[in-house]
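Below are the chains, spelled out letter by letter.
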Amino acid sequence: MAEYKIISTCGRAKHAEFKTVHGTVQTPVFMNVGTVGAVKGGVSSDDLERIGTQIELSNTYHLHVRTGDEVIKRLGGLHKFMAWNRPILTDSGGFQVFSLADIRKIKEEGVTFRSHIDGHKIFMGPEESIQIQSNLGSTIAMAFDECPSSVATREYVKDSIDRTARWLVRCKKKLDELNSREDTVNPHQLLFGINQGAVYNDLRIEHAKRITELDLDGYAVGGLAVGETHEQMYDVLDHVVPYLPKNKPTYLMGVGTPANIIEAVDRGVDFFDCVYPSRNGRHGHVYTHHGHLNLVNAQYTEDDRPIEEGCQCPVCKRYSRAYIRHLLKAGEMLGLRLCTIHNLYFYNHLMEEIRNAIDDGTWDTWKKDALYALDEEHEKHTVMHQPAYYQKVRAK
RNA sequence: GGGCGGUUUCCCGAGUGGCCAAAGGGGACAGACUGUAAAUCUGCUAGCGAUGCUUUCGGUGGUUCGAAUCCACCACCGCCCA
């Protein structure tokens, strides 16, 4: 059902279109993380549309424990539930195995973990995860995987990726069965497999070969940005992305900083998601092309510039750093909301700039310039960030 | 005029002779956060030539080896009686 079409390339970086029943996504794309069916910080589906986001990500585990995937199915599925008609990717709950489960409770059948809400035991395996995702009716379902710690031993990782590969077969079987049923919310639901193997490149490659034997709709690289260095992450991508299908989208899960994303696009990645723009936004940490600002800092008390000069987001067009800082310090929800909206715009717009640079054939120089500007060690010393510079510019 | 209670480091507030530069909270300041148990968490908040020294618990003086803590007087605040 899905169609992945490459529009243009520069080296390994590529601009492609991914057609789904919920619309076409231009890649490289950033998926806006709305774990419980909403981007935290008071961001509505309206807001997401207004700032031009293409796709949203929600979580299987969280929606299962509250309010329940069966309820959402009865209400017509997640798209209808959250009044969002563009694509949705649901994460499988695999990451919650990493963050919530006792590692000793991981069995061949699946994982038992305790609800973070009331502590009750929850069992989730490949079939359960896919059933929930089918009930939600997301555009793309993710395979149920285990995300081993970056410090896991090679022996542990080997066992884990073998199990994740076996789980993938079960996910595929379950989804095929559910997609063929009459009462399925989205009978065209897609499935992405997830590559694991920690920082062991040979295990990564072995696992990639194994999971690509199944004809899935896309492939993710998981288990990165969980404690290893950026260099290790880029090294894994250099090794494993070439073993993922060229005619299908590649998704780097949970990543990352603007620089991480640029480096990963350069290594052939199409899909990204990260809590940074929303979580950091809630904490007053906002992104610009010249590094981040921590708006709660005293230096912005009387700074009436927008977060970033020239930014076309609805926040920068109207509000000052000083006002947003005031809202954050006063504990007003509007402060978190404005920061989050700016950050989401920044991330989504960054992806557009990336696609344009690839289309224009200027990717290599664009990338170099963008990474240089984003480098805070360099940027914090430039005059453009000093209030005195701004005063002079304004005076003209 | 009389009686009682109070005055603590930016704020509130604990502390009634040494373990007190002084609990706890707030505020301020700074940092962290990568498929969201996160509008959260952590650090820090007298000064300095810094394993020590100096200044600080309303003010002044006293008792004591030693005082935020005990005594005297003074100032101010609150309540009650005239």
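Being a predicted model, the structure only gives us computed values, none of them experimental.

Asker: Could you give an account of the sheet that holds strand β5 (residues 56-59), with specific residues and numbers?
Answerer: Spatial ordering of the closed barrel is given by β4-β5-β6-β9-β10-β11-β12-β13, a layout of eight strands whose pairing is parallel. Ignoring which end each strand starts from, the neighbouring axes of this sheet average 30 degrees apart. When strand β9 (residues 140-142) meets strand β10 (residues 190-195), the two strands line up parallel, connected through three bridges. The residue bridging Ala-141 from the neighbouring strand is Leu-191, located in β10. In this fold helix α8 (residues 201-211) packs onto β10 and β11 (218-221), with an angle of close to 155 degrees to the strand it touches most, β10. Contacts between helix α13 (residues 333-360) and the sheet are confined to β4 (29-33) and β13 (271-274), with β4 contributing the most and set at about 160 degrees to the helix.

Asker: Break down the protein's contact with RNA strand B for me, with residues and values.
Answerer: In the vicinity of RNA strand B, 44 residues are found, and the nearest of them are Cys-147, Met-253, Val-275, Ser-278 and Arg-282. Backbone atoms, meaning sugar and phosphate, form 47% of the atoms of RNA strand B found within 4 Å of the protein. In this structure, a base nitrogen belonging to RNA strand B sits 2.9 Å away from a side-chain N or O atom of Arg-279. With respect to RNA strand B, the side chain of Arg-282 contributes an N or O atom lying 2.2 Å from a phosphate oxygen.

Asker: Kindly report on the environment of Val-36, identifying the contributing residues and their values.
Answerer: Tracing the sequence through the fold places Val-36 in the loop between β4 and α1 (45-50). C-alpha of Val-36 to C-alpha of Ala-198: the two residues are 162 residues apart in sequence and 27 Å apart in space. Aside from chain neighbours lying at most four places away, what touches Val-36 is His-62 and Leu-63.

Asker: Report on the layout of surface pockets, specifying residues and quantitative values.
Answerer: Space inside the largest pocket adds up to approximately 950 Å³. Residue lining of the largest pocket: 42 residues in total, with Phe-95, Gly-254, Asp-273, Val-275 and Arg-279 positioned closest to the centre. Every element with two or more residues in the lining of the largest pocket is listed here: β5, α2 (60-65), α5 (94-100), α9 (230-240), β13 and α11 (276-282).

Asker: I'd like to hear about the side chain of Gln-54, residue by residue, with values.
Answerer: Of note, Gln-54 is situated in the loop between α1 and β5. Residue class for Gln-54 comes out buried when judged on its relative accessible area of 15%. Separated by 2.7 Å, the side chain of Gln-54 and the backbone nitrogen of Gln-26 make a polar contact. Once residues lying within four places of it in the same chain are set aside, the contact partners of Gln-54 are Thr-24, Val-25, Gln-26, Val-29, Asn-32, Trp-84, Arg-86, Pro-87, Asn-348 and Arg-355.

Asker: Quick rundown of the nonpolar core? Include the residues and the values.
Answerer: As a rule of thumb, soluble globular proteins bury nonpolar side chains together. The biggest cluster of nonpolar side chains holds 105 residues, and the ones touching the most others in it are Tyr-251, Ile-354 and Trp-363. When residues of this core are assigned to their parent elements, the largest contribution, 12 residues, is made by α13. Non-local contacts of Tyr-251, meaning those with residues more than four positions away in its chain, are made with Met-31, Leu-57, Leu-89, Met-142, Phe-192, Tyr-219, Ala-220, Val-221, Val-269, Phe-271, Phe-272 and Asp-273.

Asker: Can you lay out the sheet that holds strand β2 (residues 13-20) for me, pointing to particular residues and giving the numbers?
Answerer: In spatial order, the strands read β1-β2-β3; together these three strands make up an open sheet with antiparallel pairing. Edge positions in the sheet fall to β1 (3-10) and β3 (23-27), since each of these pairs with one other strand and no more. Each neighbouring strand pair of the sheet contributes to a mean axis angle of 15 degrees, computed without reference to strand direction. As paired elements, β2 and β3 share five bridges and run antiparallel to each other. Paired with Thr-20 across the two strands is Gly-23, which belongs to β3.

Asker: For the packing of helix α7 (residues 154-179) against α8, give the residues involved together with the corresponding values.
Answerer: One can describe the packing of α7 onto α8 by two numbers: an axis separation of 10 Å at closest approach and a directional angle of 10 degrees. What the angle tells us is that α7 and α8 run roughly parallel. In this structure, α7 uses Arg-154, Val-157, Lys-158, Ile-161, Asp-162, Thr-164, Ala-165, Arg-166 and Leu-168 to contact α8, whose residues at the interface are Asp-202, Leu-203, Glu-206, His-207, Arg-210 and Ile-211. A per-class count over the contact of α7 with α8 returns six nonpolar, two polar and seven charged.

Asker: Outline helix α6 (residues 126-136), listing residues and values.
Answerer: Here α6 lies mainly inside the structure; eight of its 11 residues are buried. By the burial criterion, the buried members of α6 are Pro-126, Ser-129, Ile-130, Ile-132, Gln-133, Ser-134, Asn-135 and Leu-136. Trailing α6 by a residue or two, Gly-137 shows a phi angle of about 70 degrees, which is positive.

Asker: Give me a positive patch on the surface: which residues, what numbers.
Answerer: A cluster of basic residues, Lys-105, Lys-107, Arg-114 and Lys-121, forms a positive patch at the surface. Of note, Lys-121 is situated in strand β8 (residues 121-124). On the basis of relative accessible area, Lys-121 is assigned to the exposed category, the value being 55%.

Thresholds, definitions, all that
- Residues numbered from 1 in each chain as written.
- Chains lettered and ligands numbered in written order.
- Predicted model: local features only at pLDDT ≥ 70, side-chain atom pairs only at ≥ 80, totals over all residues.
- Heavy atoms only, no water.
- Pairing = 2+ DSSP bridges.
- Helix = DSSP H or I, 4+ residues; strand = E, 2+ residues; numbered from the N terminus.
- Axes fitted to C-alpha atoms, helices over the stretch in contact; angles between N-to-C directions.
- Contact = heavy atoms within 4.5 Å.
- Near = heavy atom within 4 Å.
- Polar contact = N/O pair within 3.5 Å; in protein donor to acceptor, adjacent residues only side chain to side chain.
- 1 Å grid on protein atoms, 1.4 Å probe; cavity = no way out; pocket = protein on both sides within 12 Å on 5 of 7 lines; lining within 4 Å.
- Points joined across faces, edges and corners; volume = space filled by probe spheres on them.
- Buried < 20%, exposed > 50% of the residue type's maximum accessible area, 1.4 Å probe, protein only.
- Core = buried A, V, L, I, M, F, W, Y, C linked by side-chain atoms within 4.5 Å.
- Parallel < 35°, antiparallel > 145°, perpendicular 65-115°, else oblique.
- Nonpolar A, V, L, I, M, F, W, Y, C, P; charged D, E, K, R; others polar.
- Patch = residues over 30% accessible without salt bridge, like charges linked within 9 Å, V, L, I, M, F, W, Y side chains within 5 Å.
- Areas by Shrake-Rupley, 256 points an atom, 1.4 Å probe, with all protein chains shown as cover.
- Salt bridge = Lys/Arg side-chain N within 4 Å of Asp/Glu carboxyl O.
- Lys, Arg positive; Asp, Glu negative; His and termini not counted.
- Charge placed at Lys NZ, Arg CZ, Asp CG, Glu CD.

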